[in-house]
Amino acid sequence: MSIGKLAFYNETDFERSVLDFVNKYSTLGLINDLPLNKYFFLDDKIVLKDYNYIGNSDLTTTVDSKKYFKLFFPTCYDNQIKELINEVTKLTETPAMEKHILSDVNKLLAGSNLYCEPLDMFIQYAKYLYSLLNNISNEDNYNIDELLKQFEINNIKMSLSRKDTLTVEFQITCLKQYIDYYFAKTVAKDINLLKICKFCNKAFLAVNPKAEYHTPQCKNKANVYKNRAKNK
Ligand SMILES: [Zn+2]
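A quick note: this is a predicted structure, and the numbers were derived from the prediction, not measured.

Caption draft 1: Examining the domain arrangement of the protein more closely. Looking at the protein, the domain boundaries give domain 1 (24-117) and domain 2 (193-232). If you average the C-alpha positions of domain 1 and of domain 2, the two centres end up 42 Å apart.

Next comes the structure, spelled out in structure tokens:
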């Protein structure tokens, strides 16, 4: 969110923030999140879901497989990419439980040390989340249903299990899917606790639903400004 804020206000040092984020957590795993077919590496042309940051802003986009791989493996030569595709293809040709196939595929792709996530896509995504939150904060009647449509997660694996009651479990494949889910779930609650500080514009998770500032310091500073404005 702080990366989104920096990008939203066109501040300049977000490259460092992105690096810090990736070092602390991981890459978003965009290579696995965007294609509609989770076995996209078997296709010559890959169809990407809505909101894919590559082509159309809110519609599907079809890209050539080689171009798609080149985007995430910019330092690889064509033959290295071909080899990589061969390797993941081999994984799917060996019979195994699907969840194991996909996690091995992830390890080979997003887990590779040659894997790169385009900075502009990362920033677009962060900016997008921040601007959504900004809209929600500024509009009383924000249409949450419309917003939730933008967070449909494709290729999610569902399994049922029975402990005390029947429960549904979802297997999420990459960090981006987790962030999407967490963001959508948080802002869609009756009382949204994910807010933007009215003083410094930082996104924060409030404890008190009425909180407007992310720290007491911000609240104090805001009051000082208010008083100064009054006394002029
Ligand atoms: Zn603040």
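Caption draft 2: Structural context of the environment of Asp 104. By the element assignment, Asp 104 lies in helix α6 (residues 98-108). Between the C-alpha atom of Asp 104 and that of Val 88, which follows or precedes it by 16 residues, the distance is 8.2 Å.

Caption draft 3: View of the coordination of the zinc ion. Protein coordination at the zinc ion comes from Cys 197 (SG), Cys 200 (SG), His 214 (ND1) and Cys 218 (SG), with a distance range of 2.2 to 2.3 Å. The sequence motif formed by the donor residues of the zinc ion is C-x2-C-x13-H-x3-C. For Cys 197, a relative accessible area of 0% corresponds to the buried category.

Caption draft 4: Focus on a nonpolar patch on the surface. A surface patch of nonpolar side chains, about 1,100 Å² in accessible area, is lined by Ile 156, Met 158, Leu 160, Leu 166, Val 168, Phe 170, Ile 172, Tyr 178, Tyr 181, Tyr 182 and Leu 205. Relative to the helices and strands, Val 168 resides in strand β4 (residues 166-171). For Val 168, a relative accessible area of 43% translates into the label partly exposed.

Caption draft 5: The packing of helix α2 (residues 14-24) against helix α7 (residues 119-138), seen in detail. Relative orientation of the contacting elements α2 and α7 amounts to 90°, with a least axis distance of 11 Å. Looking at the two axes, α2 sits roughly perpendicular to α7. Residues Phe 14, Glu 15, Val 18, Phe 21 and Val 22 of α2 pack against Leu 119, Phe 122 and Ile 123 of α7. Considering only residue class, the contact of α2 with α7 consists of seven nonpolar, no polar and one charged.

Caption draft 6: Region of interest: empty space enclosed by the protein. Tallied over the entire structure, the rule returns two cavities of 30 Å³ or more. Reported here for the largest cavity is a volume of approximately 90 Å³. As for the largest cavity, its lining consists of Asn 32, Lys 38, Phe 40, Leu 102, Val 105, Asn 106, Asn 155, Thr 173 and Gln 177. Ranked by the residues each element gives to the lining of the largest cavity, the list is headed by α6, at three residues. Of the residues that constitute the lining of the largest cavity, the class distribution is three nonpolar, five polar and one charged. Of the pockets and cavities examined, the second largest cavity occupies roughly 30 Å³. Every residue along the wall of the second largest cavity is listed here: Leu 102, Asn 155, Lys 157, Gln 171 and Thr 173.

Caption draft 7: Focus on the side chain of Asn 32. With respect to the helices and strands, the residue Asn 32 is situated in helix α3 (residues 30-33). The class of Asn 32 is buried, set by a relative accessible area of 10%. In this view, Asn 32 contacts Phe 40, Asn 106, Leu 109 and Ala 110; residues no more than four positions away in its chain are not counted.

Caption draft 8: Here's a closer look at the pairing of strand β1 (residues 45-48). What you see with β1 is a clean split: Ile 46 and Leu 48 sit on the buried side and Lys 45 and Val 47 on the side with no burial. One ladder, built from four bridges, connects β1 with strand β2 (residues 61-64); its direction is antiparallel. Considered in β2, the bridge of Val 47 is made with Thr 62.

What counts, and at which threshold
- Residues numbered from 1 in each chain as written.
- Predicted model: local features only at pLDDT ≥ 70, side-chain atom pairs only at ≥ 80, totals over all residues.
- Heavy atoms only, no water.
- Domains from an automatic or database assignment.
- Helix = DSSP H or I, 4+ residues; strand = E, 2+ residues; numbered from the N terminus.
- Donors = N, O, S within 2.8 Å, 3.2 Å for Na, K, Ca; no water.
- Buried < 20%, exposed > 50% of the residue type's maximum accessible area, 1.4 Å probe, protein only.
- Patch = residues over 30% accessible without salt bridge, like charges linked within 9 Å, V, L, I, M, F, W, Y side chains within 5 Å.
- Areas by Shrake-Rupley, 256 points an atom, 1.4 Å probe, with all protein chains shown as cover.
- Salt bridge = Lys/Arg side-chain N within 4 Å of Asp/Glu carboxyl O.
- Axes fitted to C-alpha atoms, helices over the stretch in contact; angles between N-to-C directions.
- Parallel < 35°, antiparallel > 145°, perpendicular 65-115°, else oblique.
- Contact = heavy atoms within 4.5 Å.
- Nonpolar A, V, L, I, M, F, W, Y, C, P; charged D, E, K, R; others polar.
- 1 Å grid on protein atoms, 1.4 Å probe; cavity = no way out; pocket = protein on both sides within 12 Å on 5 of 7 lines; lining within 4 Å.
- Points joined across faces, edges and corners; volume = space filled by probe spheres on them.
- Pairing = 2+ DSSP bridges.

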